[in-house]
Each structure stands twice: as structure tokens, then as C-alpha cells.
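# Inside the fold
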Amino acid sequence: MSDALGLLRAILRDKSLSEGDARELLAQALEREIDPLLYCAAELGLGPRLIMERAAAWAGMAYYPKIPDGLPGRSDLPILEALRAVQSCRMQLFDRHVSFAAPDFFGVLRLRRAVLHKPSLRNRICLVPGPALRDYLALSAAENLIDEARQRLARRWPYASAQLELTKPVRYGFLVAVVLLTTLILVAPYVAQIWLLPLVLMLLVAPASIRLAAVFEPLPPPPKLTRPADVELPIYSVLIPLRNEAAMVPQLFRAMRALDYPALCRKRM
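Residues numbered from 1 in each chain as written. Predicted model: local features only at pLDDT ≥ 70, side-chain atom pairs only at ≥ 80, totals over all residues. Heavy atoms only, no water.

Taken residue by residue, the chain gives an average pLDDT of 79. The fraction at 70 or more is 87%. Confidence drops under pLDDT 50 across residues 265–269; counting only partners more than four residues distant or on other chains, this segment forms one contact. (pLDDT = per-residue confidence, 0-100. Contact = heavy atoms within 4.5 Å.)

This is the structure we're talking about:
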């Protein structure tokens, strides 16, 4: 824990954090399951370059803001789905191989312990910001990424891709149909009025004719309703609250007596 707090205080050295503040910040990042380096960048507005530069200085390792162009490197990149998980790449620099790494918070701690145990690693590892490593990987794998975007569906789900199922006659027929349809649309205003007019009239008149025919359609006779016996009717309680409405009582009484429903009991509220 002491190394973790030391790294965090080194990264936030201009914030004048106490050990307690650094411990609380680290606890917040771990509680949210976020890399503390990313948490500092998001919450405190520190750029990834500044964070990795200070982390490299704390770990006693070299730092470079980007991977140099034109260096011979390894061409055996991992599968494209795993590019996001790559944290280092190996390059040929003069007479030695140098690994340009963009480790996470705990990766920096492990590298520092490895360097303390084997100081010669300082000459073989250089830390770079995460965006610089991603830019290099995207540029190196650009051709494979484009090919994967074009062919991934056909390779993984061949029966879901039409390009492997359609024969040449079907493809050429579809192309001819598209060209023919486009041509008809373009020339229709000039030569097809006589053909299109009946079609338009049919589309407009047919729905109107159906509605007009529905007007003259006789309605079926209403079903004959039969009143069930009084004992089969459900019991309802009707509450009629009145306040300062004595003039409404006779009219209300007549309306209630006009209901065709058996009265079991009457109560004055």
C-alpha cells in the first residue's frame, strides 16, 4: 500500500495531497473499479501524458511522449479483438530491443519492483502515454482493421452474408433491375403519364369507393337484451353527498326512482 500511495502522491504532487487524502482518493478509484491513473485524469483534469511522465519519474524509468516513427518493430500483432488489451510493443532501437509500455496503475508498481530487482531493465523499457500506444497500434494494424471490417461477417457467420450465397446471374439481375427502375423513375414525368394516371386514380379512388360503399351497408339489428332476475343482479351502494343543496333533493329523488334496478334498502345519510 505504501508504494501505491507514493505513486499517487507523485502523480498529484502539485495538489499537495496528504497521505490521508491520497489514501481516500485511491479508495474511491478502487471502489468504482477504475484504474487510479484514469481516475486522476477524469476527476482532477490531469492529461495522460503528464500522468505517465510523473509515473515514469517515480518508478525511475525512461519516458517518451510518443513511439518514434520509423523504428523497426515486430509485425506479429495480436488478433484485432485483443488490441485494446495490449500495453506494450517491442521495437528495435540501435543495438537493442526496447519495449514501449503504457501500463496501468498496478503495472507501474510491478515495473518499479522489477527495475529495483534488475536495474538493467531501465535501458530496455520506456513508458509512453496510453493514447500514444493506441495510435501506434491503430496505424500499424490499419490494413488488417479495414480488412476485418469488410470481411468479418462473411468469415464468422457466412450464412448471414449475402455475398457468398448470391450467384452471378442473381447479382447481375439485381443490378439491371436497379438501373431499369432508376431509368423509369427519371423518364416517367415525360412519357409515362398515360400509364401512371390509371394507377394513381386506382390508388385514390379505390379507398374512397370502399368508404362510400360502407355508408350504404345496412347495420345489423341490435341484439335483444333480456333483463336478468332481481336475485341475479349485483348489489351496489350509492352514496349521494349533499351540502346546502336542498333545492336539488326532489329532482335527485325522481332520478333515483326512475332507475330500473331493485332497491333493497334506502337510508338517509
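As paired elements, strand E3 (residues 96–101) and strand E4 (residues 125–127) share three bridges and run parallel to each other. Its bridge partner being in E4, phenylalanine 100 is matched across the sheet by cysteine 126. Handedness of the β-α-β unit built from E3, helix H5 (residues 105–117) and E4 comes out right-handed. (Pairing = 2+ DSSP bridges. Helix = DSSP H or I, 4+ residues; strand = E, 2+ residues; numbered from the N terminus. Right-handed = clockwise from strand over helix to strand, strands pointing away.)

A complete count under the given rule lists two aromatic pairs for this structure. With a centroid separation of 5.4 Å and 85° between ring planes, the pair formed by phenylalanine 105 and phenylalanine 106 is classed as edge-to-face. For phenylalanine 105, a relative accessible area of 0% gives the class buried. In this structure phenylalanine 106 comes out as partly exposed when scored by relative accessible area, which is 36%. Both rings, one in tyrosine 236 and one in tyrosine 261, keep their centres 6.1 Å apart while their planes meet at 65°; by these two values the pair is edge-to-face. Here the residue tyrosine 236 occupies a position in the loop between helix H9 (193–215) and helix H10 (249–257), and tyrosine 261 occupies one in the segment after H10, the gap between them amounting to 25 residues. Note on tyrosine 236: relative accessible area 60%, which makes it exposed. Cation over ring: arginine 112 sits above tryptophan 58, and NZ or CZ is 4.3 Å from the ring centre. (Phe/Tyr/Trp six-rings, centres within 6.5 Å; stacked < 30°, edge-to-face > 60°. Buried < 20%, exposed > 50% of the residue type's maximum accessible area, 1.4 Å probe, protein only. Lys NZ or Arg CZ within 6 Å of the ring centre and 35° of its normal.)

Turning our eyes to something else, we now look at the pattern of salt bridges. Pairing is possible between side chains of opposite charge, provided their charged atoms come close. Within this structure, the stated rule accounts for three salt bridges. Residues arginine 227 and aspartate 260 are paired through a salt bridge, measuring 3.5 Å at the closest nitrogen-oxygen approach. Residue arginine 227 is found in the loop between H9 and H10, and its partner aspartate 260 is found in the segment after H10; the two are separated by 33 residues along the sequence. Looking at arginine 227, the relative accessible area reads 43%, which means it is partly exposed. (Salt bridge = Lys/Arg side-chain N within 4 Å of Asp/Glu carboxyl O.)

Quick look at the nonpolar core now. Of all hydrophobic cores here, the largest spans 30 residues; its most connected members are Leu7, Leu8, Ile11, Phe105 and Leu127. Residue assignment for this core shows that the elements contributing at least two residues are helix H1 (2–11), helix H2 (19–31), helix H3 (36–44), helix H4 (48–59), H5 and E4. When residues no more than four places from it in sequence are discounted, the contact partners of leucine 8 are Ala22, Leu25, Leu26, Cys40 and Phe105. If you look at the next biggest cluster of nonpolar residues, it comprises 11 residues, including Ile67, Met91, Leu133 and Tyr136. (Core = buried A, V, L, I, M, F, W, Y, C linked by side-chain atoms within 4.5 Å.)

Note on placement: serine 2 falls in helix H1. Between the C-alpha atom of serine 2 and that of arginine 23, which follows or precedes it by 21 residues, the distance is 9.6 Å.

Let us look at the packing of H4 against H5. Where H4 meets H5, the axes come as close as 9 Å, and the angle between the chain directions of the two elements is 30°. What the angle tells us is that H4 and H5 run roughly parallel. Crossing angle aside, the handedness with which H4 passes H5 is right-handed. Residues Ala55, Trp58 and Ala59 of H4 lie in contact with H5, whose contacting residues are Val108, Leu109, Arg112 and Val115. The residue makeup of the contact of H4 with H5, split by class, is six nonpolar, no polar and one charged. (Axes fitted to C-alpha atoms, helices over the stretch in contact; angles between N-to-C directions. Parallel < 35°, antiparallel > 145°, perpendicular 65-115°, else oblique. Left-handed = near helix turned anticlockwise from the far one by under 90°. Nonpolar A, V, L, I, M, F, W, Y, C, P; charged D, E, K, R; others polar.)

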